[in-house]
Amino acid sequence: DVKVTQSSRYLVKRTGEKVFLECVQDMDHENMFWYRQDPGLGLRLIYFSYDVKMKEKGDIPEGYSVSREKKERFSLILESASTNQTSMYLCASSFDWGQHEQYFGPGTRLTVT
Amino acid sequence: DQQVKQNSPSLSVQEGRISILNCDYTNSMFDYFLWYKKYPAEGPTFLISISSIKDKNEDGRFTVFLNKSAKHLSLHIVPSQPGDSAVYFCAASALYSGGYQKVTFGTGTKLQVIP
């Protein structure tokens, strides 16, 4: 079974802090994604990566950056956390662009106070 | 601009009856469609998909129908079971100029199956 793990299930940070969310997949998938889920807005794509050190902006990249130094690991960085970044963050991976199905981690509930 | 819309935020169905979840899209470039199921405190899991060249795909109790002219797809669950109670996300995929597939998710429909 594909396993996607996220470093924390719950995280509380203060406004202005730098926040790192880590995601690891164990199936040698090419593509990795970061989404946020908010009530009434569904899942919105923040960034994705299709190869090591390669990244593309999604629909809502403002206030976020990403890092993919190794194939299995994809990090989401909040440079200076703000209260409007309080959300559920979901990491996902997919084998390659020929396979549409994405495998999701359990999510990190981030609260910024 | 919500390109994938699920207009019903919630749906309640009696156990054993049919559940029909609907999804509308606006982007004619979408060429693949997926449904995901999400339980509380878990990430979404893939349920069923359909290519734009088909109009129906079936997997056990789950059937997805695609009406391209209406830009509409639906997920049918027959018979519905209490364990089907979850949030269901519709998703649509399009090929972009960089050679990658970008997936757009809907807002979700919370299904409650009443025993």
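Along each chain, numbering runs from 1 in the same order as the chain's sequence is written. Chains carry letters from A onward and ligands carry numbers from 1 onward, assigned in written order. Whole-chain, interface and lining totals are the exception, using all residues; otherwise, since this is a predicted model, local features are given only for residues with pLDDT of at least 70 and side-chain atom pairs are given and counted only at 80 or more. Side-chain calculation: all heavy atoms of the structure are included, whereas hydrogens and water are not.

Asks: So what's going on with the environment of Gly-83 of chain B? Residues and values would help.
Replies: Residue and element names in this part refer to chain B. Under the scheme used here, helices are H or I runs from DSSP no shorter than 4 residues and strands are E runs no shorter than 2 residues, and both carry numbers assigned from the N terminus. Structurally, the position occupied by Gly-83 is in the loop between strand E8 (72-77) and strand E9 (86-95). Separated by 14 residues in sequence, Gly-83 and Ser-97 have C-alpha atoms that sit 40 Å apart. Other than its neighbours up to four places away in sequence, Gly-83 contacts Lys-37 and Tyr-39. Contacts are assigned to residue pairs that have any heavy atoms within 4.5 Å of one another.

Asks: Quick rundown of the sheet that holds E8 of chain B? Include the residues and the values.
Replies: Residue and element names in this part refer to chain B. By definition, two strands form a pair when at least two bridges between them are found by DSSP. Read from one edge to the other, the open sheet built from 5 strands follows the order E1-E3-E8-E7-E6, with strand pairing classed as antiparallel. Of all the strands in the sheet, the pair left with one neighbour each is strand E1 (4-5) and strand E6 (56-59). As defined by bridge partners, strand E7 (residues 62-67) adjoins E8 across 6 bridges and the pair is classed as antiparallel. In the strand pairing of E8, Leu-66 is matched with Leu-73.

Asks: Which residues make up the interface of chain B and chain A, and what are the values?
Replies: It is common to give the size of an interface as the accessible area lost on bringing the parts into contact. If you look at the interface, chain B gives 19 residues, while chain A gives 19 residues. A quick way to say it: buried area is the sum, across both parts, of accessible area lost when two parts are put together, with a 1.4 Å probe. For the pair chain B and chain A, the summed buried surface comes to about 1700 Å²; carbon and sulfur atoms form 63% of the total. For chain B, the biggest contributors to the area lost against chain A are Tyr-100, Gln-101 and Phe-105 of chain B; these three give 28% of the whole. In the sections that follow, a salt bridge refers to a side-chain nitrogen of Lys or Arg positioned within 4 Å of a carboxyl oxygen of Asp or Glu. Where chain B meets chain A, there are 1 salt bridge. When the shortest N-O distance is used, the salt bridge between Asp-59 of chain A and Lys-102 of chain B registers 2.7 Å. Polar contacts, as used here, are pairs of N or O atoms within 3.5 Å; protein pairs need one atom able to donate a hydrogen and one able to accept it. Residues neighboring in sequence count only if both atoms are side-chain atoms. Scanning the region where chain B abuts chain A turns up 4 residue pairs in polar contact (both at pLDDT 80 or more).

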